[in-house]
Amino acid sequence: MPVRKNYIKVPIAILLGMAAAALFFSGCAQTVVQKNGRLQVIGNQLCNERGEAVQLKGMILMDVAWFGDYANPACFAWLRDDWGCTVIRAALYTQDSFGQPRALTQKKDMLKAVDAAVAAGLYVIIDWHNLADGNPMKYKSEALTFFREMAELYKDTPNVLYEICSEPNGDDVTWSGVVKPYAQEVITAIREIDPKNVILVGTPTWSQRVDIAADDPLSFDNIMYTCHFYAGSHFSALRDKVEYALGKDAAVFISEWGTTDHTGNGILYPEETFEWIDFMDEHKISWTNWCITSRKESSAVIKHTALSEGSWADGDLTESGLLVRSLIRGQDSAIVLFADGFETENFTSGGWYNENTGLDRDDAFHGYTAALLNPGGSLAKEFSTAGFMNVRVQLAYKTQNLAGDDTVKVEWYDGDNWQPVKNLGSSQSWTKHTIPLPEQASDNYSFQFRISAGFEGGDENAALDDIALIMDRIE
Ligand code: IDC
């Protein structure tokens, strides 16, 4: 018997090994770059090497120098696998806050970011991020040096796209007089070395005048013009300019957009964001969102708790992070339409009506702050769910000293009264709940819900954190 056992063992081991190898290789899906190869522009559309339209979606790394910790293969693989990103835009600010040139001394940080994105199999945009230096001619000689070197390094790397000026701005920074001549020189320098990789060109007024560029286009292949928008500042008039440019066969890449207004801070504009998302999907326009940073500003997608290697929990993401991740994952999946972790340390940015409620800075579920319901306190919010259904509230909560039939109540407003949805009991440690709201919450311009203390007096309280409204789009 032992002999026979051995005979059987060997082939089984081989078979198991083969099965494991087969599983391993089938599990290794091709990366987006392996699937699509070198990109090209056909007419007004970004296409893969076979000439099929592609729409890239991804994130911007705020500043390769300042937030270079996030430029590592593990983090980018997380953005690829958990978020569904296919592209990273790596921003290299061209000027420091003292008005001094900055990019060339931080070139190594750009190389690190590009190499990390290539290792993760993503497309990557090398963004010459001018901003306060509105006129790209100011650092033209640096740009020529920089892009010649990038082209030498990456001419055979299909992952790479070059963006030669992020946001030209200033009254005298016109397309024909300034930006186009700058682009002609820098593109010529790149094309002498790298004849193919796609080049993105900024347009006047912080990259909002793709229409003007389309009227006077550059005569190179594989060029796209950039449009930047912030959902709280730029609306249909800017979409009209994009449509105008597309109508003239100019290709447009939305290489920067934000869920906030143009300051990158303040409240989120989810409804306006969705109008843009629909528009970009309809025209298969590729985009990258502002931005990967843990700075305390609303357009940031992660909190300071987020590890630089990725593996982020929902609580490591900001409101904008949750929303943008669900957008990249695909709008048919659950959409986070609103979320508040109280990191702004106020109730205003979440648009709450609050009574007898404070902020708890000692014991947050995630991040720095939680909200605290004191006896009789409540947090209420009105929001629009037009176009959405299956609305649910997600929250983390923890109570102190709740006794007997004390509760924390989740309620909705029927126009006259607050109606119960669910009573949450006492909880000594943080627990997370997902609570479906009633049918009336669906497709409703002004739905109201409230979380209120079902306890009076004494030393009871309830902390709330990471409140999010999640819903599905009505097809
Ligand atoms: C902002 C950052 C902010 C930083 C500032 C200046 O959010 O933390 O202090 O740049 O460096 C842009 C720019 C982008 C801006 C962003 C928000 O491309 O660099 O980031 N914005 O103001 N264009 C429109 C908005």
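Analysis parameters
Residue numbers restart at each chain and count upward from 1, following the sequence in its written direction. For a predicted model such as this one, the threshold for reporting local features is a pLDDT of at least 70, and the threshold for listing and counting side-chain atom pairs is 80 or more; totals across whole chains, interfaces and linings nevertheless cover every residue. Excluded from the side-chain calculation are hydrogens and water; included are all heavy atoms of the structure. The numbering of helices and of strands both runs from the N terminus, where a helix is a DSSP run of H or I of at least 4 residues and a strand a run of E of at least 2. In this treatment the radius of gyration is a C-alpha quantity, and the globule benchmark scales as 2.2 Å times the residue count to the 0.38 power. Remark: exposure states derive from per-residue accessible area (1.4 Å probe, protein chains only) relative to the maximum for the residue type, with buried under 20%, exposed over 50%, and partly exposed in between. Here a residue is considered near a molecule or strand provided that any single heavy atom belonging to it is located within 4 Å of it. Any pair of N or O atoms that falls within 3.5 Å is considered a polar contact. Within protein, one atom must be able to donate a hydrogen and the other to accept it, and sequence-neighbouring residues count only if both atoms are side-chain atoms. We get accessible surface area from the Shrake-Rupley algorithm with a probe of 1.4 Å; when it comes to residues, only the shown protein chains can shield them. Buried and open spaces are told apart on a 1 Å grid over the protein atoms alone, a cavity being a set of points where a 1.4 Å probe fits but cannot get out and a pocket being an open set with protein on both sides within 12 Å along at least five of seven lines. Residues with an atom within 4 Å of a point are the lining residues. Cavities and pockets are treated as containing a molecule whenever more than half of the molecule's atoms lie within 2 Å of their grid points. Note that Gly is not counted as nonpolar here; it falls among the polar residues with everything else outside the nonpolar set of Ala, Val, Leu, Ile, Met, Phe, Trp, Tyr, Cys and Pro and the charged set of Asp, Glu, Lys and Arg. Pairing between strands is defined by DSSP: at least two bridges between the two strands are required. By convention, a crossover is right-handed whenever its connection, traced from the first strand over the helix to the second and viewed with the strands pointing away, goes clockwise. For this analysis, residues touch if any pair of their heavy atoms sits within 4.5 Å. What pLDDT expresses is the predictor's confidence in each residue, scored from 0 to 100. For helices, the fitted axis covers only the stretch in contact; all axes are lines through C-alpha atoms, and the angles between them, taken along N-to-C directions, range from 0 to 180 degrees. Grid points are joined across faces, edges and corners, and a volume is the space filled by probe spheres set on the points. Here, a salt bridge means any Lys or Arg side-chain nitrogen found within 4 Å of an Asp or Glu carboxyl oxygen.

**Student:** What is the right way to look at the overall build of the chain in this model?
**Tutor:** Within the chain, the secondary structure is distributed over 11 helices and 19 strands. Scaling as 2.2 N^0.38, a compact globule of 475 residues should have a C-alpha radius of gyration of about 23 Å, and the chain matches this with 26 Å. Each principal axis of the C-alpha distribution contributes one length, and for the chain these read about 85 × 80 × 45 Å. Each of the 475 residues in the chain was classed as buried or not, and the buried ones make up 55%.

**Student:** Explain the site of the ligand here, please?
**Tutor:** Not every one of the 13 residues close to the ligand is listed here, only the nearest: Tyr93, His129, Glu167, Arg295 and Glu297. One nitrogen or oxygen atom from the main chain of histidine 262 is found 3.0 Å from an oxygen atom belonging to the ligand. One of the side-chain nitrogen or oxygen atoms of arginine 295 is found 2.5 Å away from an oxygen atom of the ligand. Calculation on the ligand without its partners gives an accessible area of 500 Å², and the protein chains cover 76% of this total. Spatially, the ligand is embedded in the largest pocket. Here the residues of the shell around the ligand sort into 5 nonpolar, 4 polar and 4 charged.

**Student:** Would you explain the pairing of strand β8 (residues 223-230) in this entry?
**Tutor:** Walk down a regular strand and you will see the side chains alternate between the two sheet faces. For β8, the buried fraction is high: 8 of the 8 residues fall into the buried class. A two-sided burial pattern is seen for β8, the buried positions comprising Ile223, Tyr225, Cys227 and Phe229 on one face and Met224, Thr226, His228 and Tyr230 on the other. For strand β7 (residues 199-201) and β8, the ladder comprises 3 bridges, and the chain directions are parallel. Considered in β8, the bridge of isoleucine 199 is made with isoleucine 223. Two strands pair when backbone bridges link them, and β8 and strand β9 (residues 252-258) are joined in this way by 5 bridges, in the parallel orientation. Within β9, the position partnered with tyrosine 225 by the bridge is valine 252. Handedness of the crossover joining β8 and β9 through helix α9 (residues 236-247): right-handed.

**Student:** Is there a simple way to explain the environment of valine 54 in this structure?
**Tutor:** Looking at the element boundaries, valine 54 is found in the loop between β2 (45-47) and β3 (57-61). Between the C-alpha atoms of valine 54 and isoleucine 285, which are 231 residues apart in sequence, the distance is 8.4 Å. When neighbours within four sequence positions are excluded, valine 54 is seen to be in contact with Asn36, Leu39, Gln45, Leu46, Cys47, Asn48, Lys284 and Ser286.

**Student:** Explanation requested: the confidence of the model for the chain in the structure shown.
**Tutor:** Close reading of the predicted structure is inappropriate where its pLDDT is low. Looking at the chain as a whole, its pLDDT mean stands at 92, while 93% of the residues score no less than 70. In the predicted structure, residues 1-11 sits below a pLDDT of 50 and forms 0 contacts with residues beyond four places in sequence or in another chain. Under a pLDDT of 50 for its full length, residues 21-27 has, in the predicted model, 0 contacts with residues more than four places off or in other chains.

**Student:** Which parts of the structure should I look at to understand the sheet that holds strand β6 (residues 160-163)?
**Tutor:** Pairing between the strands of a sheet comes from backbone hydrogen bonds, and it takes one of two forms, parallel or antiparallel. Around the barrel, which closes on itself, the 8 strands sit in the order β3-β4-β5-β6-β7-β8-β9-β10 with parallel pairing between neighbours. Pairs of neighbouring strands in the sheet enclose a mean axial angle of 30°, with direction left out of account. Of the strands in this sheet, β3, β8, β9 and β10 (287-292) are in contact with helix α10 (residues 270-282), which crosses β9 at around 165°.

**Student:** Just checking my understanding: could you explain the layout of surface pockets for this structure?
**Tutor:** Of the pockets and cavities examined, the largest pocket occupies roughly 620 Å³. Contributing to the lining of the largest pocket are 27 residues, with Tyr93, His129, Leu131, Glu167 and Trp290 lying nearest its centre. In this structure, the second largest pocket is lined by 24 residues; those nearest its centre are Leu268, Pro270, Phe338, Gly350 and Lys381. Contributing elements (two or more residues each) for the lining of the second largest pocket: α10, β11 (335-340), β13 (370-383) and β19 (461-473). Looking at the lining of the second largest pocket, the element that brings in the most residues is β11, giving 4 residues.

**Student:** Before we go on, may I ask you to explain the environment of phenylalanine 146 in this structure?
**Tutor:** Locating phenylalanine 146 in the fold gives a position in helix α5 (residues 140-154). With 39 residues separating them in the primary sequence, phenylalanine 146 and lysine 107 have C-alpha atoms 8.0 Å apart. Other than its neighbours up to four places away in sequence, phenylalanine 146 contacts Leu92, Leu104, Lys107, Met110, Ile126 and Trp128.

**Student:** Help me understand the pattern of salt bridges in this model?
**Tutor:** Close approach of charged atoms allows side chains of opposite charge to pair. Summed over all chains, the structure comprises 26 salt bridges. Put simply, lysine 248 and aspartate 215 hold a salt bridge, and the shortest N to O gap is 3.1 Å. In this pair, lysine 248 is assigned in the loop between α9 and β9 and aspartate 215 in helix α8 (residues 210-215), connecting sequence segments 33 residues apart. Given the relative accessible area of 44%, lysine 248 is considered partly exposed. Residue aspartate 472 pairs with arginine 392 through a salt bridge whose shortest N-O separation is 3.3 Å. Of this pair, aspartate 472 sits in strand β19 while arginine 392 sits in strand β14 (residues 388-400); the two residues are 80 residues apart in sequence, bridging distant segments of the chain. By relative accessible area, aspartate 472 is classed as buried at 16%. Several salt bridges share partner residues, and in doing so they unite Asp82, Asp314, Arg325 and Arg329 into one network.

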